[in-house]
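Topology and contacts: notes
Okay, here's what each chain looks like letter by letter:
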Amino acid sequence: MVLRRAPIIAAVATAALLATGAAVVPALAAVHEAPTATQPVAAAPADVVPAAAPEAATPVEANGQLSVCGVRLCNEQGKQVQLRGMSTHGTQWYSQCVDDASLDTLAHDWNADVMRISTYVQEDGYETDPARFTALVNRYIDLLTARGLYAIVDWHMLDPGDPNFNLERAKTFFTAIAERNNGKNNIIYEVANEPNGVSWQTIKGYHEQIVPVVRAKDPDAVILLGTRAWSSLGVSDGASESEVVNNPVNASNVMYTFHFYAASHDQEYLDTLSRAADRIPMFITEFGTQDYAGEGANDFAMAQRYLDLAAQKKISWVNWNFSDDHRSGAVFTEGTCGSGNYGTGRLKEAGTWIRDRIRTADDF
């Protein structure tokens, strides 16, 4: 088992022991026996520098190339893992929220494992300047790689809901991204954000055309597949997970996506995710503690039920969204991005809540 951030954990444990007074002596003596009166303490040579504690492993150092094993996500050692992190907002609007300072905060204060890079296709996104948005994704991948985080490349198609509308654009985009980054072991591809208004068979046909495009350039990467009705496994259109379970995409090393917003998506959605996760590989690539628009009051109780299920079944997740948008679902207060200060004093209520849950120790 690889332990991340071991020096931090050790320091906290030592501080706790010291606070107990005499009880700490036996524990410390087991490590290094105290000198007696006939055993003087030798002075350390002046030129000897105490050895520094080993640096804790980053998520990528700890896990390496991920793969799908059965219905779970596994690391290079074959251990089931759960990634937790954040999704950017649309990079055509909030690119200023992804900089060195914000990513240092995400990696070293929040202790995140992954960031999802949301490249909208429409809404003034990729289709307006493919070269610019492709370069932006590559830049973010490099920044995340330098910090040892996983990067989800999100093809954020939304309206129109048929992913085939953007099929040729998707082929061009994923060919470029996969070809440029195929030597990295931290890239995950999400090839259709929220398909909607079309059948699962139509969506499945898209996936079976785009997966080989990625595989041709990056054969080992995990690929995430959007599900019907805004990645609800069909529930938002009155269906259930059975349409995917009984008719899966003809591809290996893939997972299916599920999105929820706790104030809008109740027990029926939670039960669907629970059943699906026992049959097919699932990844929560977007969720919020508010309504489906990322607005309104937070339902932390319902959101916690989802995260408890995710922890139990090792379902990875990312929260929407890492920006200072006016909505309650944006983690930072307005005016934070670009300021260089992403500390806890700049967090909205949802930001404080999600940071606490990302910071929970990993079980790698």
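This is a predicted model, so every value here is computed, not measured. (Residues numbered from 1 in each chain as written. Predicted model: local features only at pLDDT ≥ 70, side-chain atom pairs only at ≥ 80, totals over all residues. Heavy atoms only, no water.)

Focus on unusual backbone geometry
- Here aspartate 159 and proline 160 are connected by a cis peptide whose omega angle stands at 10°.
- Assignment of secondary structure puts proline 160 in the loop between β5 (150-156) and α7 (167-181).
- In this structure, asparagine 321 follows tryptophan 320 across a cis peptide bond, with omega equal to 10°.
- Examined against the element boundaries, asparagine 321 turns out to sit in the loop between β10 (317-320) and α13 (349-358).
- With a phi close to 60°, asparagine 111 is a non-glycine residue in the positive phi region.
- Take asparagine 111: it is sitting in the loop between α5 (100-109) and β4 (114-120).
- In this structure, glutamate 123 is a non-glycine residue whose phi angle is positive, near 55°.
- Along the chain, glutamate 123 falls in the loop between β4 and α6 (130-146).
- For glutamate 123, a relative accessible area of 36% translates into the label partly exposed. (Helix = DSSP H or I, 4+ residues; strand = E, 2+ residues; numbered from the N terminus. Buried < 20%, exposed > 50% of the residue type's maximum accessible area, 1.4 Å probe, protein only.)

A closer look at the state of the cysteines
- Per the counting criterion, the structure on display carries two disulfides.
- In this model, cysteine 69 is linked to cysteine 74 through a disulfide, with the two sulfur atoms separated by 1.7 Å. Of note, the bridge from cysteine 69 to cysteine 74 carries an S-S torsion of about 50° and is right-handed in sense.
- Note on cysteine connectivity: cysteine 97 is disulfide-linked to cysteine 337, with sulfurs 2.0 Å apart. On the sign convention where negative means left-handed, the S-S torsion of about 105° between cysteine 97 and cysteine 337 marks this disulfide as right-handed. In this pair, cysteine 97 is assigned in the loop between α4 (91-94) and α5 and cysteine 337 in the loop between β10 and α13, connecting sequence segments 240 residues apart. Note on accessibility: cysteine 97 and cysteine 337 belong to one class, buried.
- Sequence-ordered numbering of the disulfide-bonded cysteines in the chain gives the connectivity 1-2, 3-4. (Disulfide = S-S within 2.5 Å.)

Section: the packing of α7 against helix α8 (residues 200-217)
- Following both chains from N to C, one finds α7 and α8 inclined at 25°, their axes separated by 8 Å at the closest point. Viewed along their axes, α7 and α8 adopt a mutual orientation that is roughly parallel. As α7 runs across α8, the sense of the crossing is right-handed. Contacts between α7 and α8 involve Leu167, Ala170, Lys171, Phe174, Thr175, Ala178 and Glu179 on the former and, on the latter, Tyr206, Gln209, Ile210, Val213, Val214 and Lys217.
- Of the residues belonging to the contact of α7 with α8, the class tally is eight nonpolar, two polar and three charged. (Axes fitted to C-alpha atoms, helices over the stretch in contact; angles between N-to-C directions. Parallel < 35°, antiparallel > 145°, perpendicular 65-115°, else oblique. Left-handed = near helix turned anticlockwise from the far one by under 90°. Contact = heavy atoms within 4.5 Å. Nonpolar A, V, L, I, M, F, W, Y, C, P; charged D, E, K, R; others polar.)

Section: the packing of aromatic side chains
- Using the criterion set out here, one finds 16 aromatic pairs in the structure.
- When the ring of phenylalanine 174 is compared with that of tyrosine 189, the centres are 6.2 Å apart and the planes differ by 70°; the resulting orientation is edge-to-face. Highlighted residues: phenylalanine 174 in helix α7 and tyrosine 189 in strand β6 (residues 187-190), separated in sequence by 15 residues. Taken as a pair, phenylalanine 174 and tyrosine 189 share a single burial class, namely buried. (Phe/Tyr/Trp six-rings, centres within 6.5 Å; stacked < 30°, edge-to-face > 60°.)

Some remarks on the environment of serine 87
- Inspection of the secondary structure puts serine 87 in strand β3 (residues 84-87).
- A relative accessible area of 0% means that serine 87 is categorised as buried.
- On a C-alpha basis, the gap between serine 87 and glutamate 286 in space is 7.2 Å, while along the polypeptide they are 199 residues apart.
- The contacts of serine 87, once residues within four sequence positions are left out, are Arg116, Ser118, Val318, Asn319, Trp320, Asn321 and Phe322.
- For serine 87, the side chain forms a polar contact with the side chain of serine 118, separated by 3.1 Å. (Polar contact = N/O pair within 3.5 Å; in protein donor to acceptor, adjacent residues only side chain to side chain.)

Points about the environment of glutamate 243
- Inspection of the secondary structure puts glutamate 243 in helix α10 (residues 242-245).
- For the pair formed by glutamate 243 and arginine 228, sequence separation is 15 residues and the distance between their alpha carbons is 9.4 Å.
- Non-local contacts of glutamate 243, meaning those with residues more than four positions away in its chain, are made with Trp200, Arg228, Leu233 and Gly234.
- A polar side-chain atom of glutamate 243 sits 2.9 Å from a polar atom in the side chain of arginine 228.

So, the pattern of salt bridges
- The full count for this structure, using the stated rule, is 23 salt bridges.
- Salt-bridge contacts for aspartate 104 lead to arginine 147; the nearest nitrogen and oxygen are separated by 2.8 Å. Of this pair, aspartate 104 sits in helix α5 while arginine 147 sits in the loop between α6 and β5, and the two are 43 residues apart along the sequence.
- Exposure remark for aspartate 104: the relative accessible area of 33% places this residue in the partly exposed category.
- Judged by its relative accessible area of 12%, arginine 147 is buried.
- Where salt bridges share partners, they join Asp109, Arg355, Asp356 and Arg359 into one cluster. (Salt bridge = Lys/Arg side-chain N within 4 Å of Asp/Glu carboxyl O.)

Digging into the nonpolar core
- Trp110, Phe174, Tyr189 and Met282 are the most contacted members of the largest nonpolar core, which totals 83 residues.
- Counting residues in hydrophobic clusters, the runner-up holds 17 residues, among them Ala62, Tyr150, Ile152 and Phe283. (Core = buried A, V, L, I, M, F, W, Y, C linked by side-chain atoms within 4.5 Å.)

A word on the environment of proline 248
- Secondary-structure assignment places proline 248 in the loop between α10 and β8 (254-261).
- The exposure class assigned to proline 248 is partly exposed, which follows from its relative accessible area of 38%.
- Each residue touching proline 248, except ones within four places of it in the same chain, is listed here: Lys204, Glu208 and Tyr256.

So, to be careful, I would describe these as geometric facts and stop short of saying anything about function.
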